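Residues per chain, in single letters:
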Amino acid sequence: MGKIVAIANQKGGVGKTTTAMNLAASLAVLEFKTLVIDADPQANTTSGLGQDPKEIDNSIYECMVDGVDINSIIYHTDIEHLDLVPSHIDLVGAEVEMINLDNREEKMREVIGKIQDQYDFIIIDCSPSLGLITINALTAANSVIIPVQCEYFALEGLGKLLNTIKIIQTRLNPDLEIEGILLTMYDVRLRLSNQVVEEVRLHFKNMVFETIIPRNVKLGESPSFGLPVIAFDAEGKGALSYLNLANEIAERNGLVKMN
């Protein structure tokens, strides 16, 4: 059964989508069969992997609310071993429509369970909120990666997210683990970036990934070409950092990695 990893932080602009699409692509390059699920109504992972959200008929939304078969909406990307379940703006309405459903927090788990054995990793890009869709993702997931940007308000809201994770562990998903805290948008030239790294490592110790994601122009440019950075600038710092992260995750999970 594939490992389901949610990328979550209710704070926007921390690198969730960048991490979801580039970690998934890097795992695929390491020859792990990988599926990325875009569970954010902004659909940036969808467009960043080459699909136009305006042309998407069905998304994870229709699977959860209308019972559409997830197998029918999986897109094969240009990266070998990397598939995509897209999003579109209608996902905004899913939370309202799901309010009266039985077991509404477990709809995504039910959907993903149908295809979990087809993949080594399933990466879920969560929306920047702690709403019902994110709760569904955390209920479905085996673990969660929390991106934290190396900026002044880095730890703002992190306690709330960790508290939400504890509640989900208690009530909905006792097996949910924190895969790790990922430091993003690191600028080696800034004293503040280094202070944030020290502070986060001091507070969270082994929960923090060794890999740190730098500020990188190519990471910002690649989605506009519908490509993950590893297909856009394979030798650049951004691509290499996500490849290092993929290797670190594979190693943590006792999986054989490709060189």
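Cut-offs used in this document
- Residues numbered from 1 in each chain as written.
- Predicted model: local features only at pLDDT ≥ 70, side-chain atom pairs only at ≥ 80, totals over all residues.
- Heavy atoms only, no water.
- Helix = DSSP H or I, 4+ residues; strand = E, 2+ residues; numbered from the N terminus.
- Rg over C-alpha atoms; globule rule 2.2 N^0.38 Å.
- Buried < 20%, exposed > 50% of the residue type's maximum accessible area, 1.4 Å probe, protein only.
- Contact = heavy atoms within 4.5 Å.
- Areas by Shrake-Rupley, 256 points an atom, 1.4 Å probe, with all protein chains shown as cover.
- Expected span 1.5 Å × (residues − 1).
- Pairing = 2+ DSSP bridges.
- Axes fitted to C-alpha atoms, helices over the stretch in contact; angles between N-to-C directions.
- Core = buried A, V, L, I, M, F, W, Y, C linked by side-chain atoms within 4.5 Å.
- Patch = residues over 30% accessible without salt bridge, like charges linked within 9 Å, V, L, I, M, F, W, Y side chains within 5 Å.
- Salt bridge = Lys/Arg side-chain N within 4 Å of Asp/Glu carboxyl O.

### Some remarks on the overall build of the protein chain
Of regular secondary structure, the protein chain possesses 11 helices and 8 strands. Rg of the C-alpha trace for the protein chain: 17 Å, near the compact-globule value of 18 Å for 259 residues, within the 12% margin. Each principal axis of the C-alpha atoms in the protein chain carries an extent, and together these give about 50 × 40 × 35 Å. For the protein chain, the residues scored as buried account for 54% of the 259 residues in total. Residue pairs at least 24 apart in sequence account for 77% of intrachain contacts in the protein chain once pairs closer than 6 positions are excluded. Of the roughly 11,800 Å² of accessible surface on the protein chain, 48% is carried by carbon and sulfur atoms.

### Comments concerning helix α1 (residues 16-29)
With 14 residues, α1 should cover 20 Å at 1.5 Å per step; its first-to-last C-alpha distance of 20 Å lies within 8% of that length. A large share of α1 lies buried, amounting to 12 of its 14 residues. If you check which residues of α1 are buried, you get K16, T17, T19, A20, M21, N22, L23, A24, A25, S26, L27 and A28. Following α1 by one or two positions, E31 adopts a phi angle in the positive range, close to 70°.

### A closer look at the sheet that holds strand β3 (residues 75-76)
What links the strands of a sheet is backbone hydrogen bonding, and the strands pair in either a parallel or an antiparallel sense. With mixed pairing, the 8 strands of this open sheet are ordered in space as β3-β4-β2-β5-β1-β6-β7-β8. Since the sheet does not close on itself, it has two edges, and those belong to β3 and β8 (208-214), each with one partner. As paired strands, strand β2 (residues 34-39) and strand β5 (residues 121-126) are joined by 6 bridges and run parallel to one another. Bridge pairing in β5 links L35 to I122. Running at roughly 170° to strand β7 (residues 177-186), helix α8 (residues 191-204) makes contact with β6 (143-149), β7 and β8 of the sheet. Sheet strands touched by helix α11 (residues 237-252): β5, β6, β7 and β8. Its angle to β8, the strand with the most contacts, is close to 165°.

### So, the nonpolar core
M108, I112, I124 and I146 are the most contacted members of the largest nonpolar core, which has 51 residues in total. Apart from residues lying up to four places away in sequence, M108 is in contact with A39, M64, I124, I133, N136, A137 and A140. Of all hydrophobic cores here, the second largest spans 31 residues; its members include V5, I123, A239 and A246.

### Focus: a nonpolar patch on the surface
Taken together, Y152, F153, L190 and L192 make up a surface patch of nonpolar side chains, about 440 Å² in accessible area. Tracing the backbone shows F153 in the loop between β6 and α7 (158-171).

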